[in-house]
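# Reading the structure
Each chain, written out:
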Amino acid sequence: MLLKGKNAIVTGASRGIGKAIAIKLAKEGANIAINYSVNDNAALEVANVVEKLGVKAIVKKADVSKLSEVEGFVNTVLNELGSIDILVNNAGITRDNLLIRMSEDDFDQVMQINLKGVFNFTKTVSRVMIKQRTGKIINISSVVGITGNAGQSNYAASKSAVIGFTKSIAKELASRYINVNAIAPGFIETDMTSVIPEKMKEQMKAAIPLKRPGKPEDVANAVLFLAGNQSDYITGQVINIDGGMLI
Ligand code: NAD
């Protein structure tokens, strides 16, 4: 087991990529703190799967965009597990529209959750990791943060910002033996992408050299690598998990 006895926080872990990450890390022996915002039953189901794998699960609602809720979440994890070895900032939303039709609220909400949420959790958990002199922080960005995308200026800006944030914090925390990396998924089949019109999905698939959309497990595999000791000499990097979309 690659993560036996480690403690991991996964944000937005009630479904999709976050759920796959929580289960993948649990299979390798990590205790999992499941953060979620809305669906209690879905989060409890993930906890059930995690516990059946023989590790501890903590389930707690906290809106990543609210610093006080994030601090409460991290305190609970520390009280129950004693340390935090891995933080996966996965929670994210889309509010797509062309710029001329995009409301201020759509822009602000995406920034609050996708960018401020990463700031809130990283700031709170890094205090703990600095004292421990060890830790792995993995931020889920997007290929759209690298290429841009019409209709997603808010989302693309937030995901580009997560890359800039990742590189800056990697430089700040390297001397404390904390690795900070980002993953940029391409087109992964989840609830988030299920709303994309069928015709557009076909066009996206055709643009993927490996000729299939990604699965949440494809992203979880890369997170596992960045969470374990095999990536100890890697920091400040962005790994694209996109079937070759950006080649
Ligand atoms: P999803 O919509 O299925 O899951 C997102 C999760 O984030 C949900 O569990 C949701 O409850 C949680 N969340 C949303 N707002 C929150 C908040 N304020 N506080 C706490 N949790 C909150 O999406 P997904 O496809 O699984 O995406 C996961 C991550 O991967 C996101 O950051 C997304 O931007 C990124 N991503 C996804 C794709 C893709 O193709 N699916 C591609 C690139 C990047």
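Use the structure listed above.
In this report, the structure presented in the accompanying data block is examined. (Residues numbered from 1 in each chain as written. Predicted model: local features only at pLDDT ≥ 70, side-chain atom pairs only at ≥ 80, totals over all residues. Heavy atoms only, no water.)

This next bit is on the overall build of the protein. Along its length, the protein carries 9 helices and 7 strands. Taken over C-alpha atoms, the radius of gyration comes to 17 Å for the protein, in line with the 18 Å a tight globule of 247 residues would show. Dimensions of the protein, computed from the C-alpha atoms along their principal axes, are close to 50 × 40 × 35 Å. Going through the 247 residues of the protein one by one, you find that 49% of them count as buried. (Helix = DSSP H or I, 4+ residues; strand = E, 2+ residues; numbered from the N terminus. Rg over C-alpha atoms; globule rule 2.2 N^0.38 Å. Buried < 20%, exposed > 50% of the residue type's maximum accessible area, 1.4 Å probe, protein only.)

To continue, consider the sheet that holds strand S4 (residues 86-89). With respect to topology, 7 strands assemble into an open sheet ordered S3-S2-S1-S4-S5-S6-S7, the strand pairing being parallel. Only two strands of the sheet have a single neighbouring strand rather than two, namely strand S3 (57-61) and strand S7 (238-241). Between one strand and the next, the sheet's axes are offset by a mean angle of 15°, whatever the strand orientation. As judged from the 4 bridges shared by strand S6 (residues 178-185) and S7, these two strands associate in the parallel manner. For Ala182, the partnering residue across the bridge sits in S7 and is Val238. Sheet strands touched by helix H1 (residues 16-27): strand S1 (7-10), strand S2 (31-36), S4 and strand S5 (135-140). Its angle to S1, the strand with the most contacts, is close to 175°. Across the face of the sheet, helix H9 (residues 216-227) comes into contact with S4, S5, S6 and S7 while running at roughly 155° to S5. (Pairing = 2+ DSSP bridges. Axes fitted to C-alpha atoms, helices over the stretch in contact; angles between N-to-C directions. Contact = heavy atoms within 4.5 Å.)

Here we take up the pairing of S3. Remember that side chains alternate between the two faces of the sheet whenever the strand is regular. Alignment of S2 against S3, held across 5 bridges, turns out to be parallel. By the bridge assignment for S3, Asn35 is matched with Lys60. Since S2 and S3 lie parallel, the crossover through helix H2 (residues 40-52) that links them has a hand, and here it is right-handed. (Right-handed = clockwise from strand over helix to strand, strands pointing away.)

Here we take up the site of the ligand. For the ligand, the set of nearby residues contains 28 residues, the closest of which are Arg15, Asn90, Tyr155, Ile188 and Thr190. Contacts to the ligand include Asp63, whose side-chain N or O atom sits 2.8 Å from a nitrogen atom. Taking Gly186, its main chain carries an N or O atom lying 3.3 Å from an oxygen atom of the ligand. Broken down by secondary-structure element, the contributors of at least two residues to the shell around the ligand are H1, helix H6 (153-173) and helix H7 (191-194). The element contributing the most residues to the shell around the ligand is H7, with 3 residues. (Near = heavy atom within 4 Å. Polar contact = N/O pair within 3.5 Å; in protein donor to acceptor, adjacent residues only side chain to side chain.)

Take the packing of H1 against H9 next. Two packed helices can be described by the angle between their axes and the distance between those axes. Running from amino to carboxyl end, H1 crosses H9 at an angle of 50°, the nearest separation of the two axes being 8 Å. Between H1 and H9, the angle falls in the class oblique. Every pair of crossing elements has a handedness; the one defined by H1 and H9 is right-handed. For the pair H1 and H9, contact is made by Gly16, Ile17, Ala20, Ile21, Lys24 and Leu25 and by Pro216, Glu217, Val219, Ala220, Asn221, Val223, Leu224 and Ala227, respectively. (Parallel < 35°, antiparallel > 145°, perpendicular 65-115°, else oblique. Left-handed = near helix turned anticlockwise from the far one by under 90°.)

Bringing the environment of Val223 into the picture now. Looking at where Val223 falls in the secondary structure, it is placed in helix H9. The spatial distance from the C-alpha of Val223 to the C-alpha of Ala182 is 9.1 Å, given a sequence separation of 41 residues. Not counting residues within four places of it along the chain, the set of residues in contact with Val223 comprises Ile21, Leu25, Val88, Ile138, Ile140 and Ile183.

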